[in-house]
Amino acid sequence: MRKFAIGAVVSGALALSALAVPAASATTPDFTFSKVVVNGGKPIVVGTTNVVNVPVTYTLTRPSDVVLDNKTKAAGIVLYRGSLSRIANELGNDEMPTCTTTATTATTVTESCEETIALDPWASLYEAADATTWHAAGYYGRLDADEDDSDGHVSVNYADDMWGPLASVQIKRAAKLTVNAGPEPVTKGKTLTVTGSLTRANWYSSEYAGYTGQPVALQFKAKGASAYTTVKTVTSGTSGALKTTVKASADGTYRFSFAGTSTTGAKAATGDYVDVK
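Residues numbered from 1 in each chain as written. Predicted model: local features only at pLDDT ≥ 70, side-chain atom pairs only at ≥ 80, totals over all residues. Heavy atoms only, no water.

Chemist: Is there a simple way to think about the overall build of the chain in this case?
Modeler: A count of helical and extended segments in the chain gives three helices and 18 strands. Its C-alpha atoms give the chain a radius of gyration of 25 Å, more than 25% over the compact-globule value 19 Å for 277 residues. For the chain, the spread of C-alpha atoms along the principal axes amounts to about 85 × 40 × 30 Å. For the chain, contacts bridging at least 24 residues in sequence account for 68% of all contacts bridging at least 6. When the accessible area of the chain is evaluated, it comes to approximately 13900 Å², of which 50% is carbon and sulfur surface. Within the chain, the 25 negative side-chain charges are centred at a point lying 21 Å from the centre of the 24 positive side-chain charges. (Helix = DSSP H or I, 4+ residues; strand = E, 2+ residues; numbered from the N terminus. Rg over C-alpha atoms; globule rule 2.2 N^0.38 Å. Contact = heavy atoms within 4.5 Å. Areas by Shrake-Rupley, 256 points an atom, 1.4 Å probe, with all protein chains shown as cover. Lys, Arg positive; Asp, Glu negative; His and termini not counted. Charge placed at Lys NZ, Arg CZ, Asp CG, Glu CD.)

What follows is the structure in structure tokens.
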């Protein structure tokens, strides 16, 4: 039997075959999810291998007679792209959220909740279309199972409800950026050639590929200075290649800096120090 957990249930036929979510029945408990914040309101930047832990906080108000045990009843937040009735991809949490009761009435319990969605790019992100705006939905699932086959019969019944969108968050591809300035050392006033490359995560191949046609700033920080200043802007070429020249004026560090796009995270290269004679 498949594990009864938020991520597991939602990633079944509902999400992968893009079937419509059934409307809440008359017996659906009255759940209210509010104040949902995903990843502190910041974009989620994901590479090709490392799992990214995405924090989620929210307020949940539920009927006081509904006990959430993550075995027969579970509630929490899922992230999805598409619409509730036609989900293109989704992310959920297999662990129970941590909730603290903040208020009660005769019939309801209000809780401040937090959970972490572990985003594994290999398992959960499949194509360039996943680099887009995702939405948060409140989820409630319950399981009624009879797995005793001694009478020649078993049954498993799932019921799922989702409410959304409750918040939005960008999921972006991670970028990599390199830089190399030479020759080193260089005589003051001579030409320095600065090269590098801009690549970004390809979730389909699980590799990084060149990001072409992108503006990248060449920046310089003089020896003893605390901040970089932009010298010029270079456009990435074939396979994300970067190349430009500058006049050597003083000892200091050069780097390329990429501001990011709607689909790709910002990135600054580790600087390359140049000794000017």
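Chemist: Hey, could you run me through the nonpolar core in this one?
Modeler: For soluble globular proteins, the rule of thumb is that nonpolar side chains tend to be buried together. By size, the foremost hydrophobic cluster in this structure holds 28 residues, and its most contacted members are Val36, Val38, Ile44, Tyr58, Leu79, Leu119 and Ile171. Of the residues forming this core, the biggest block, four residues, is contributed by strand β3 (residues 52-63). With sequence-adjacent residues up to four places away left out, Leu79 is seen in contact with Val38, Ile44, Asn89, Glu90, Leu91, Ile117, Trp134, His135 and Ala136. (Core = buried A, V, L, I, M, F, W, Y, C linked by side-chain atoms within 4.5 Å. Buried < 20%, exposed > 50% of the residue type's maximum accessible area, 1.4 Å probe, protein only.)

Chemist: Is there a simple way to explain the state of the cysteines in this structure?
Modeler: Each disulfide consists of one covalent bond between the sulfur atoms belonging to two cysteines. Inspection of every chain in the model, using the stated rule, returns one disulfide. Shown here is the disulfide that connects Cys99 with Cys113, its sulfur atoms set 2.1 Å apart. Its S-S torsion of approximately 115 degrees makes the covalent link between Cys99 and Cys113 right-handed. A residue pair is termed long-range when its members are at least 10 positions apart, and Cys99 in strand β6 (residues 98-104) and Cys113 in strand β7 (residues 108-119) qualify at 14 residues. Assessed through its relative accessible area of 29%, Cys99 is described here as partly exposed. (Disulfide = S-S within 2.5 Å.)

Chemist: Explanation requested: the side chain of Ser236 in the structure shown.
Modeler: Summarising the element assignment, Ser236 is placed in the loop between β14 (229-235) and β15 (241-247). On the accessibility criterion, Ser236 (4% relative accessible area) is buried. Excluding residues within four positions of it along the chain, Ser236 makes contact with Leu198, Tyr211, Thr212, Gly213, Gln214, Ala241 and Leu242.

Chemist: I keep staring at the confidence of the model for the chain and nothing clicks. Help me out?
Modeler: The predicted coordinates should not be examined in detail at positions where pLDDT is low. Residues of the chain with pLDDT of at least 70 account for 91%, and the chain-wide mean is 90. This stretch, residues 1-26, has a pLDDT under 50; its non-local contacts, to residues over four places away or in other chains, come to 61 contacts. (pLDDT = per-residue confidence, 0-100.)

Chemist: I keep staring at the pattern of salt bridges and nothing clicks. Help me out?
Modeler: Under the definition given, this model contains five salt bridges. Salt-bridge contacts for Arg81 lead to Glu127; the nearest nitrogen and oxygen are separated by 2.9 Å. One end of the pair, Arg81, is in strand β4 (residues 73-83); the other, Glu127, is in the loop between α3 (121-124) and β8 (133-146), and 46 residues separate them in sequence. On the basis of relative accessibility, which here comes to 12%, the residue Arg81 falls in the buried class. Residue Glu127 is classed as partly exposed on the basis of its relative accessible area, which comes to 40%. Across the salt bridge formed by Arg142 and Asp161, the nearest N and O atoms sit 2.4 Å from each other. Of this pair, Arg142 sits in strand β8 while Asp161 sits in strand β9 (residues 155-173), and the two are 19 residues apart along the sequence. We note that Arg142, like Asp161, is buried. (Salt bridge = Lys/Arg side-chain N within 4 Å of Asp/Glu carboxyl O.)

Chemist: I tried to follow the packing of aromatic side chains on my own but got confused; where do I start?
Modeler: The relation between two aromatic rings is expressed through the spacing of the ring centres and the mutual angle of the planes. Taken as a whole, this structure holds seven aromatic pairs when the rule is applied. Consider the rings of Phe31 and Tyr140, whose centres lie 4.5 Å apart with planes at 25 degrees: the pair is stacked. With Phe31 in the loop between α2 (13-16) and β1 (32-38) and Tyr140 in strand β8, the pair connects residues that are 109 residues apart, well separated along the chain. Comparing Phe31 with Tyr140 shows no difference in burial state: the two are buried. Consider the rings of Phe33 and Tyr58, whose centres lie 6.1 Å apart with planes at 45 degrees: the pair is tilted. Remark: Tyr58 occurs in strand β3 and Phe33 occurs in strand β1; sequence separation between them is 25 residues. (Phe/Tyr/Trp six-rings, centres within 6.5 Å; stacked < 30°, edge-to-face > 60°.)

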